[in-house]
Structures are given as C-alpha cells and as structure tokens.
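Structural description and commentary
For reference, the chains in residue letters:
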Amino acid sequence: MSTSGLFRFPAPLTRVCPVPWGLRLCEKLPLLSPGTVATPVQAAGKKDRPTLLSLDERELEEQFVKGHGPGGQATNKTSNCVVLRHVPSGIVVKCHQTRSVDQNRKLARRILQEKVDVFYNGENSLVCREKREAEKRKQERKKRAKETLEKKKLLKEQWESSKNVP
C-alpha cells in the first residue's frame, strides 16, 4: 500500500485535554466548584435594572381573544391576542404583538408588571424614573448641540473677518 493511501482517509481526529486527577473520562467537569459563588454578569449594553413587583398568578385573569389588524385571515381567525387583567388594581392589558400566544403572554405580563408598578409607586416607579432620565439625556444632547452650533457660527465669523483683513 502506498503512503498516499494512508493519507487519503485519515483516522478520526482526536483532541487531548488535560483531565483533573480523580475524574474519569466519562464524567463532566462541574461548572462551579462547591465553594465558589456565581456573580451576576452584566450583559453588553444592558443596564443593571432593579426588578419590578412580581405578579401573583392568582390575582390575574387571562383571556385569549381573536386578533385584529393587518395580516388577514392568519390574524383575524386565530385567538392569539392576550387580554390580561390585574384584579386588585383593575388594570387591563391587551397584547397582540406577535403571532405566538406564548410570546404574547410573556409580553402582556411584562407590560402589566410595568403598569402595576406605575399604579402603586407613581412617580417613583421604574418606568417614570427611566422616562425622566431619558428626558434629561435628551435635554443635555440638545444643549450640547446648541453650544456646538454657536461655536461654529463664532468660528465662521472669525474666519471671515480674518479673510477680509489684508
């Protein structure tokens, strides 16, 4: 047999990994050792948000109604629109953002959680605080843009005055 025949169909590639002592090859390594503590890792671009009030499922009334809006027969004949009512506060949320009932249920609960937070906490709620912070950032950007525009006008005037003087 020639040497080219040996390399034509090679044996399966194997990878050698160092294994801690006392582990058999069939055992999986534990993700965390018993003495270590898992620290929460912040996702890229996501702020560390405080949690909203948790909703008790016994306080919720859930209905599934027929959809509406664009999409024709696919949305108008299926009951994938979720109507969620919080009994103690009387807040009602209707969610038909996706075609999936499960996703609509999750979205409706998130929206209801935010509305209940606003209902009970008012101006101190998470949603109101985020709106205030966003408005503050918007005002700061507007102020910086205005200052930059004024600087550009001043620089242009100086440049034209220096250009006219020979």
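Now for a quick tour of the structure. Keep in mind that what you see is a predicted model, and the values were worked out from it rather than measured. (Residues numbered from 1 in each chain as written. Predicted model: local features only at pLDDT ≥ 70, side-chain atom pairs only at ≥ 80, totals over all residues. Heavy atoms only, no water.)

Remarks on the sheet that holds strand S3 (residues 91-95)
By way of backbone hydrogen bonds, the strands of a sheet pair with one another, either parallel or antiparallel. Across the sheet, 3 strands lie side by side as S1-S2-S3; this open sheet has antiparallel pairing. Every interior strand has two partners, whereas the edge strands, strand S1 (60-65) and S3, have only one. Sheet twist, expressed as the mean angle between neighbouring strand axes with direction ignored, is 15 degrees. Note: S1 against strand S2 (residues 81-86), 6 bridges, orientation antiparallel. Looking at the pairing, Val65 lines up with Cys81 of S2. (Pairing = 2+ DSSP bridges. Helix = DSSP H or I, 4+ residues; strand = E, 2+ residues; numbered from the N terminus. Axes fitted to C-alpha atoms, helices over the stretch in contact; angles between N-to-C directions.)

Let's talk about a positive patch on the surface
Taken together, Arg137, Lys138, Arg141, Lys142, Arg144 and Lys146 make up a surface patch of like positive charges. Its location among the elements puts Arg137 in helix H4 (residues 126-164). For Arg137, a relative accessible area of 41% gives the class partly exposed. (Patch = residues over 30% accessible without salt bridge, like charges linked within 9 Å, V, L, I, M, F, W, Y side chains within 5 Å. Areas by Shrake-Rupley, 256 points an atom, 1.4 Å probe, with all protein chains shown as cover. Salt bridge = Lys/Arg side-chain N within 4 Å of Asp/Glu carboxyl O. Lys, Arg positive; Asp, Glu negative; His and termini not counted. Charge placed at Lys NZ, Arg CZ, Asp CG, Glu CD. Buried < 20%, exposed > 50% of the residue type's maximum accessible area, 1.4 Å probe, protein only.)

Some points on the side chain of Ser89
Its location among the elements puts Ser89 in the loop between S2 and S3. Under the relative-accessibility criterion, Ser89 is labelled buried at 16%. A polar contact of 2.7 Å, which involves the side chain of Ser89, links it to the side chain of His86. (Polar contact = N/O pair within 3.5 Å; in protein donor to acceptor, adjacent residues only side chain to side chain.)

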